[in-house]
Structure formats: structure tokens, C-alpha cells
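# Chains, contacts and geometry: an overview
Spelled out, the chains give:
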Amino acid sequence: MSYSGRTPDGSDRDAGGNGDGGTRIDVRGDGQSRIRVAGRDMNTTYFVSASSAALAALVGLVILVGMWQPWQETASTGEQNRTDTGIGSGPSGGPSTDPAPYREPPPADKDDKESEDPEASPTPTPTPTPTPTPTPSASPSPSPTPDPPDPVDVAFASAGVGTCLNVYDDGWGKLNHDWPFAVDCGATFAFSKVTMVTTSASNCPQGAGRRGWGHVNDDGSSIALCLDRVFAAGQCFPATLSKQADGSLRGEGRLFSVWGCDRTQVPSGLNAIMTITAVLRGGGCPQRNDRQTLSWPVFNGAGKICAVQRTN
């Protein structure tokens with residue numbers, strides 16, 4: 001059996017006993033023992049027994065502790081780890097601690113100073129907030145197709161002042177068309193002319209040869225055309241003739257009416273068909289030998305028409 005102790009500097013020796021000053025105990029089975037202390041061999045003889053082996057081990061342990069002296073190693077280690085703080089007596093006799101010397105802090109880096117200055121620090125550019133993309137909604141239903149404009153509304157709106165129309169009284173107290181038809185003013189069938197456009201027929205001038213024509217549009221608005229009859233020689237109109245005491249004739253004619261000159265009948269209540277012989281702005285109507293010529297003032301006296309009774 002072998003045991004190797006630690007050297008005074010705390011290093012271990014190998015099992016071969018190498019080293020100077022270490023403690024080594026060799027116990028052999030032949031009753032001989034060898035103890036090496038501080039480089040010297042000490043040979044002993046022992047009896048091989050359990051008590052002898054225990055005694056030998058105890059002796060070796062005592063020698064080992066005496067040579068090792070762990071309290072010296074602890075003190076040495078403490079000496080090496082000693083700090084520089086000194087302890088002495090202060091003015092009052094008590095212990096005092098000398099303050100540690102003041103050390104100037106190392107200068108801060110230039111970049112750190114600039115970053116600590118709130119005025120020197122650049123203002124970060126704000127990140128623009130993205131505009132949220134609107135969620136596409138359901139496709140709107142197509143707008144209903146508006147109804148086409150009423151052709152009557154369009155016709156009335158198109159008939160301005162000075163427009164000539166193929167419109168007249170049909171002899172029965174109503175016009176021959178439901179809406180105005182514009183025609184050339186030089187045509188033989190241009191029977192009326194627009195002199196004013198207003199909102200109500202009651203606003204139109206009244207009198208022989210004139211008529212107001214009102215209309216209500218689909219949107220509820222109203223329009224009225226003020227018409228003057230366009231007279232021309234050769235036109236015919238129905239009338240009522242009465243014979244006076246002196247043998248002369250007196251007649252009441254429907255001057256805004258146009259009647260076929262070749263017709264043999266007249267509207268109920270009338271008895272004659274008159275043929276226009278002249279349209280005058282003043283003066284008297286030319287007379288005929290075979291028939292009496294009658295005259296009618298029109299347009300509030302601004303004009304005159306001359307007519308004779310048509311004969312079969």
C-alpha cells in the first residue's frame with residue numbers, strides 16, 4: 001500500500017515518490033514498511049494484521065498533518081488576496097477608513113455627448129402612415145335608364161318666338177295638332193306664328209286672329225305659346241252671315257280656323273264659307289260687283305282681312 005502527501009507548496013506528488021521533501025508511506029506484505037519523509041527513508045518492520053495496518057495508517061496521517069500545516073497555507077493565501085485599504089486610529093481614537101482617492105472619470109466619447117444633447121440630435125423623419133386601401137364594396141347596381149323625353153314637351157320647348165307652325169283651329173273649336181309642328185314661314189301651310197312664349201295661355205294677347213296654346217310638361221312645369229294667325233289670300237274659313245234691313249250682309253267668322261274651300265258643309269251653327277281676298281294693314285277692302293266683300297279687323301286693329309262668300 002502506498003500514500004503520497006502534498007508538498008509544502010501545495011503540489012501533489014505522483015505515486016512513484018518523485019519529489020523532494022514529500023511524505024510517502026509504502027507498506028508491503030512481507031512485514032516491512034518504508035516511510036520517506038523530507039527525502040529520507042525510514043524502514044520499519046510490522047506485523048501483518050488489521051490493527052498493525054490501522055496503526056501504520058494513523059502514524060502516517062499524523063506525520064502528514066504535521067508536515068502539511070494547512071493553517072499556514074490559508075494565511076499565505078489571505079496575504080495574497082489582501083486589499084489596499086488601511087485601518088488606523090482617527091482623532092477620536094476609533095477606527096477610521098481613509099476615503100478612496102478621487103479619480104477623474106474618463107472623458108465621454110464625442111458621439112455619446114452628441115447623442116445625449118436633445119437639441120443636437122437630428123429629429124427623426126416621421127414614417128408616413130399608409131393610407132388604408134378601402135375594401136371594395138359590392139358593385140353598385142346600374143342606374144336605371146331614364147325615360148326618353150316626351151316628344152310633346154320637346155316640341156313645345158323647341159317652338160321659339162318667330163317659329164311658324166302648321167297649326168290652326170279645325171273649325172270645331174280645337175286645334176288640328178296636339179303639339180306644334182314647325183314649318184317654313186313661306187309655305188302655303190304655315191297657318192300660325194309664335195309671337196311670345198309664356199307659362200300660361202291666359203297671359204297671351206286676346207282678340208280676332210290670336211290664340212294662346214298651353215301645355216303641361218311631364219315634370220309638372222307649364223308652357224304656353226302665343227300664336228297669331230297667318231292669313232293669306234285664297235284661304236277659307238267658316239262664318240255665319242246675316243242679311244241686314246238695307247240688304248247688306250253682316251258676318252261673324254271663325255278667323256283662326258282654316259276650312260277647305262271645296263267643302264260643301266260647315267260646322268254646326270255656321271252657314272257660310274268665306275274666301276279671303278286680301279290682307280291689309282289699313283285702308284278699305286276692294287269691292288266686287290257680283291258679291292259683297294266683308295272685312296274683319298285683326299290683331300287688335302293692327303290689320304284687316306277682306307273676304308267674300310264662296311258660291312257653289
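Definitions and limits used
Residues numbered from 1 in each chain as written. Predicted model: local features only at pLDDT ≥ 70, side-chain atom pairs only at ≥ 80, totals over all residues. Heavy atoms only, no water. Helix = DSSP H or I, 4+ residues; strand = E, 2+ residues; numbered from the N terminus. Buried < 20%, exposed > 50% of the residue type's maximum accessible area, 1.4 Å probe, protein only. Contact = heavy atoms within 4.5 Å. Areas by Shrake-Rupley, 256 points an atom, 1.4 Å probe, with all protein chains shown as cover. Pairing = 2+ DSSP bridges. Axes fitted to C-alpha atoms, helices over the stretch in contact; angles between N-to-C directions. Core = buried A, V, L, I, M, F, W, Y, C linked by side-chain atoms within 4.5 Å. Salt bridge = Lys/Arg side-chain N within 4 Å of Asp/Glu carboxyl O.

### Quick notes on the overall build of the protein
The number of helices and strands found in the protein is four helices and 16 strands. For the protein, the residues scored as buried account for 26% of the 312 residues in total. When contacts within the protein are restricted to residue pairs at least 6 apart in sequence, long-range pairs at least 24 apart make up 51% of them. Split by element, the accessible area of the protein, about 21300 Å² in all, is 54% carbon and sulfur.

### So, the sheet that holds strand β13 (residues 249-253)
With respect to topology, five strands assemble into an open sheet ordered β13-β12-β14-β16-β15, the strand pairing being antiparallel. Edge positions in the sheet fall to β13 and β15 (293-298), since each of these pairs with one other strand and no more. When strand polarity is set aside, the average angle formed by the axes of neighbouring strands in this sheet is 45°. Where strand β12 (residues 236-243) and β13 come together, five bridges link them in antiparallel fashion. If you follow leucine 241 over to β13, its bridge partner there is glycine 251.

### Remarks on the nonpolar core
Residues Phe231, Phe237, Leu255, Met274, Trp296 and Ile305 are the most contacted members of the largest nonpolar core, which totals 14 residues. Those elements that place two or more of their residues in this core are β12, β14 (272-280), β15 and β16 (303-309). Phenylalanine 231 has contacts with Gly209, Leu255, Ile276, Val279, Val298, Phe299 and Ile305, leaving out every residue within four places of it along the chain.

### Remarks on unusual backbone geometry
Positive phi outside glycine occurs at phenylalanine 299, with the angle close to 55°. Relative to the elements of secondary structure, phenylalanine 299 occurs in the loop between β15 and β16. Classification of phenylalanine 299 by relative accessible area gives buried; the value is 13%. With a phi angle near 60°, asparagine 300 is a residue other than glycine that sits in the positive phi range. Considering the arrangement of structural elements, one finds asparagine 300 in the loop between β15 and β16. Given the relative accessible area of 59%, asparagine 300 is considered exposed.

### Quick look at the pattern of salt bridges
Counted according to the given criterion, the structure contains four salt bridges. Aspartate 169 serves as the salt-bridge partner of arginine 211, at 3.4 Å between the closest nitrogen and oxygen. In this pair, arginine 211 sits in strand β10 (residues 210-216) while aspartate 169 sits in the loop between β7 (164-165) and β8 (182-183), placing the two residues 42 residues apart along the sequence. Among the salt bridges present, the one from arginine 288 reaches aspartate 290, with a minimum N-O distance of 3.3 Å. If you follow the salt bridges from partner to partner, you end up with Arg288, Asp290 and Arg291 in one network.

### Some thoughts on the sheet that holds β7
Strand order across the open sheet formed by five strands is β8-β7-β9-β11-β10, with antiparallel pairing between neighbours. On the outer flanks of this sheet lie β8 and β10, each paired with one strand and no other. Pairing between β7 and β8: two bridges, direction antiparallel. Bridging across to β8, cysteine 164 finds its partner in valine 183. Here helix α4 (residues 151-158) sits on the sheet in contact with β10 and β11 (222-229), set at roughly 135° to β10.

### Here we look at the pairing of β10
Looking along a regular strand, one sees the side chains alternate between the two faces of the sheet. With seven bridges connecting them, β10 and β11 associate as antiparallel partners. Opposite tryptophan 213, over in β11, you have leucine 225 as the bridge partner. Here β10 folds back onto β11 in antiparallel fashion, the turn holding five residues, of which glycine 220 has a positive phi close to 95°.

Purely geometric stuff here, so don't read any function into it on its own.
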